[in-house]
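Secondary and tertiary structure notes
Here are the chains, one letter per residue:
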Amino acid sequence: MKIKARIVPSRRPRLAWSGTTGGPSRCSQPRVVYGSGVTSLVTREMLPKTSSRNQLEDALDVDVEDLQTLGTFIINTAKDEDTSDLSILIQSIGTSCKYIANCVRKLGLANGKLGGKAGTENVQGEEQMKLDLVAHEVFSRGLDRSGRCTVMVSEEVEELIPCASSPHGRYVCVFDPLDGSSNIDCSVSIGSIFGIYKATERGVFNPKDALQPGKDMVAAGYALYGSACNLVLTIGGCVYGFTLDSSLGEFVLTHPKIRVPPSGNIYSINEGNSKFWDAGMANYVNHVKNIQDPPRSLRYIGSMVADVHRTLLYGGTFSYPSDSKSKDGKLRTLYECFPMAYIMEKAGGAASDGKNRILDITPHHIHQRSPIHMGSAEDVKEIERFLTEQ
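Just so it is clear, the model here is predicted, and its values are computed rather than measured.

Direction vectors running N to C along helix 6 (residues 304-314) and helix 7 (residues 333-346) enclose 15°, while the axes themselves pass 11 Å from each other. Here helix 6 lies roughly parallel to helix 7, going by the angle between them. Considering only the axes of helix 6 and helix 7, their crossing is right-handed. Counted together, Met304, Val305, Val308, Thr311 and Leu312 of helix 6 and Glu336, Met340, Ile343 and Met344 of helix 7 form the full contact between these two elements. Here the residues of the contact of helix 6 with helix 7 sort into seven nonpolar, one polar and one charged.

Here it is, written out as structure tokens:
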């Protein structure tokens, strides 16, 4: 006779406070309440000697009034019908990012269904991973079903993607559904990048709408899937950072009004390509590494989202220059360079192709490439100086 066993998950313990009914007070003590009603009192003797009562409150108490999710944040930015439709579109992207984050966490446990190579190539001739295809499907279906897009551009598809006709279709969305996918199977941080433009005519598919300069974007953002899942977003004003709280299933505002430092002590570039660089790029790297005092630190992950995220928070520069091997650069202008440059500028930084502002470029092809240097404004100007003096 076969016996089937069912595992019943235990209830998550919650924090409560003794001696109070509304929350912590100076006289209350923290205790952990389990599903059965059994409580465990947290006493001073159980805390490190360096801890204080206020530190404990700071660590365990959450002010609900300060808790703002992506959904409430986006809704509060809606001023009219256009921005209301934009909020619906961004919430759809947020849902897609949560789905992909869940896939990334389950990658090693999915019996090969998510990890590994797909056996296909994208339009750039790059080998696709299975999760590349999953991420593309999640993004494109979510955006299409939102009814707010007229056309989409994805790194994984050669042609433009027309959306289902909708009277609410006001926007164009360009995206790299999974940046850094070569790092998937070794658990290095990867991400998703997106940018949003206004369509010239509501509900009408117009191929030219996908070839607008970066400065015409109305919103841009990226999700980083790493030790935490972060969503960084700008809707044309300040830059805001959200962190996924898995217990709530929500992105919570954790980094309001991000500002990149005016200069930094980190440079990020793939020095494996140094023999292909032109003289200006080689001179700049030699200067910050060997001549400048103190020298700058090299940090390079190989995933654009991860490298740019660090640059945004800590300052310094991220560069992927043109060289003798890649005359036009390697990164795609429309759905990699433009959104990241837009975010960096809105945070007070700068982004350049080495001579000109990236966001002023008018693309001629949806998969066009460009060299890029972005980060702290003073440091990007220094790179431009070296490149123009070569």
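The strand order 15-14-16-20-18 describes an open sheet built from five strands, whose pairing is mixed. Taken across any chain shown, the strands that pair with only one partner, and hence form the sheet edges, are strand 15 (297-298) and strand 18 (350-352). Across three bridges, strand 18 lies against strand 20 (residues 372-375) in antiparallel orientation. From the neighbouring strand, Ala351 faces strand 20, where its bridge partner is Met374. Running at roughly 150° to strand 16 (residues 317-320), helix 6 makes contact with strand 14 (266-268), strand 16 and strand 20 of the sheet. Of the strands in this sheet, strand 18 and strand 20 are in contact with helix 7, which crosses strand 20 at around 30°.

The subject of this paragraph is the confidence of the model for the protein chain. Across the protein chain, the average pLDDT comes to 84, with 79% of residues at or above 70. For residues 1-47, every residue scores under 50 in pLDDT, and the model assigns this stretch 56 contacts once sequence neighbours within four places are set aside. The low-confidence segment residues 50-54 (pLDDT under 50) makes eight contacts with residues lying over four places distant or belonging to another chain.

Turning next to the packing of aromatic side chains. Per the stated rule, a full pass over the model turns up four aromatic pairs. Ring centres of Tyr284 and Phe386 lie 5.7 Å apart, and the angle between their planes is 70°; this geometry places the pair in the edge-to-face category. Highlighted residues: Tyr284 in helix 5 (residues 279-291) and Phe386 in helix 8 (residues 377-388), separated in sequence by 102 residues. The exposure class of Tyr284 is buried, given its relative accessible area of 1%. With a relative accessible area of 14%, Phe386 lands in the buried category. One aromatic cluster is present, formed by Phe73, Tyr240 and Phe242 through successive ring pairs.

Cut-off values and rules
- Throughout this document, residue positions are counted from 1 along each chain, in the order its sequence is written.
- Reporting in this predicted model follows two pLDDT cut-offs: at least 70 for local features of residues, and 80 or more for side-chain atom pairs to be given and counted; totals over whole chains, interfaces and linings ignore these cut-offs and use all residues.
- Excluding hydrogens and water, the side-chain figures rest on all heavy atoms present in the structure.
- Angles run from 0 to 180 degrees between N-to-C directions of axes, and those axes are lines fitted to C-alpha atoms, restricted for helices to the stretch in contact.
- Strands are runs of DSSP state E lasting at least two residues, helices are runs of H or I lasting at least four, and both sets are numbered from the N terminus onward.
- Orientation is classified from the angle alone, with under 35 degrees giving roughly parallel, over 145 giving roughly antiparallel, 65 to 115 giving roughly perpendicular, and any other angle giving oblique.
- Each crossing gets its hand from how the near helix is turned against the far one by less than a right angle, where anticlockwise is left-handed and clockwise is right-handed.
- Residue contacts follow a heavy-atom distance rule, with two residues in contact if any of their heavy atoms lie within 4.5 Å.
- Residue classes follow a fixed rule: Ala, Val, Leu, Ile, Met, Phe, Trp, Tyr, Cys and Pro count as nonpolar, while Asp, Glu, Lys and Arg count as charged, and any other residue, Gly among them, counts as polar.
- Note: two strands are recorded as paired if DSSP finds a minimum of 2 bridges between them.
- A score from 0 to 100, pLDDT tells how confident the predictor is in each residue.
- Pairing of aromatic rings covers Phe, Tyr and Trp, the last counted by its six-membered ring, and requires centre-to-centre distances within 6.5 Å; plane angles under 30 degrees mean stacked, over 60 mean edge-to-face, and any other angle means tilted.
- Only protein chains enter the calculation, and the probe is 1.4 Å; a residue is then buried if its accessible area is under 20% of its type maximum, exposed if over 50%, and partly exposed in between.

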